[in-house]
Amino acid sequence: MSENQNLLAEQRRALILDEVRRRGGVRVNELTRKLGVSDMTVRRDLDALARQGVVEKVHGGAVPVVEASTHEPGFEAKSGLELNAKEDIARAAAELVAPGSAIALSGGTTTYALAHRLVDVPDLTVVTNSVRVADVFHVAQRTSGQRQGTATVVLTGGVRTPSDSLVGPVADQAIAALHFDVLFLGVHGISVEAGLSTPNLAEAETNRRLVQSARRVVVVADHTKWGTVGLSSFAALDQVDTWVTDAGLPSRVRTEIAEHVRRLVVAGEPDEPDEDADI
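Anyway, here's the lowdown on the structure attached to this text.

Parameters at a glance
Residues numbered from 1 in each chain as written. Predicted model: local features only at pLDDT ≥ 70, side-chain atom pairs only at ≥ 80, totals over all residues. Heavy atoms only, no water. 1 Å grid on protein atoms, 1.4 Å probe; cavity = no way out; pocket = protein on both sides within 12 Å on 5 of 7 lines; lining within 4 Å. Points joined across faces, edges and corners; volume = space filled by probe spheres on them. Nonpolar A, V, L, I, M, F, W, Y, C, P; charged D, E, K, R; others polar. Pairing = 2+ DSSP bridges. Helix = DSSP H or I, 4+ residues; strand = E, 2+ residues; numbered from the N terminus. Axes fitted to C-alpha atoms, helices over the stretch in contact; angles between N-to-C directions. Contact = heavy atoms within 4.5 Å.

With that out of the way, let us pick up empty space enclosed by the protein. Summed over all chains, the structure comprises two cavities of 30 Å³ or more. By volume, the second largest cavity is sized at about 30 Å³. Every residue along the wall of the second largest cavity is listed here: Ile190, Leu196, Val219, Leu237, Val240, Trp243, Ile257 and Val261. Its residues assigned to classes, the lining of the second largest cavity comprises eight nonpolar, no polar and no charged.

Turning next to the sheet that holds strand β10 (residues 189–191). As summarised here, the arrangement of the three strands in space is β10-β11-β13, forming an open sheet in which the pairing is antiparallel. Two strands lie at the open edges of the sheet, namely β10 and β13 (232–235), each paired on one side alone. The average undirected angle you get between the axes of adjacent strands in this sheet is 40°. Sheet topology places β10 next to strand β11 (residues 195–198); three bridges connect them, and they run antiparallel. Each bridged residue has a counterpart across the sheet, and for Ile190 the counterpart in β11 is Leu196.

Once that is clear, we can look at the sheet that holds strand β12 (residues 214–220). Taken in spatial order, the seven strands make up an open sheet running β6-β5-β4-β9-β12-β14-β15, and their pairing is parallel. The open sheet terminates on both sides in strands that have one partner only, identified here as β6 (152–155) and β15 (263–266). The mean inter-strand angle of the sheet, taken between neighbouring strand axes irrespective of direction, is 20°. In terms of strand pairing, strand β4 (residues 102–105) meets strand β9 (residues 180–185) through three bridges, oriented parallel. Bridging across to β9, Ile103 finds its partner in Val182. Strands β4, β9 and β12 of the sheet are contacted by helix α6 (residues 109–118), whose axis makes an angle of about 145° with β4.

This is the structure we're talking about:
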């Protein structure tokens, strides 16, 4: 990490989290020197990361929180994390959707944020295994009425997970019979070795079916998902066409990702046009 007094708080905390995960722990005095900020600023950053549940404060520094690979937070627990990043990602991802598309939205709090951005896109067909995502469109329809161009929403059946996704054989069979232009996929964790992963075995299989049924796969995930590995992998990084993330993703990781994912979109930063990106 290079010193920079002008880093935004979110960027600074992303750098700190990356350092904690990479080294297995950091000391406050090391961070003040590397970031060029005060001891108090670093301690406030560590407090914020500890409240998010991604680091544990220890005397003089912090260490990463090691969760069991089977731990699956509920929707409400996840919905309060990285709110600004999720909104930025949703805004950038919505620009990839053309009117009249057939799209799929998986479960997750980032796809939920994206759904709110898509309710006014005309003539969409939306396939989802997320009760929360389906509710966004249904509420919008009740509020505005059945106007021309209102989205057609297909909600798969299945067994409900803690994150309010529907999974299992019923969902898998429904998805396998469908074909959509693009899948917007929320994930529990991303890494080079494990690819995309989730702590829920049934959800892994349902996500696998979603990936197989999509012409293009767009992952929508903030920087904190990098380096997290769940119990079950369901897709390799080279199966991802685009990853839409936030500015907190360190440059080192961006370089690494570029070797595996065709296109990286960082919300709020200029993006090189992709001639094949039309959906």
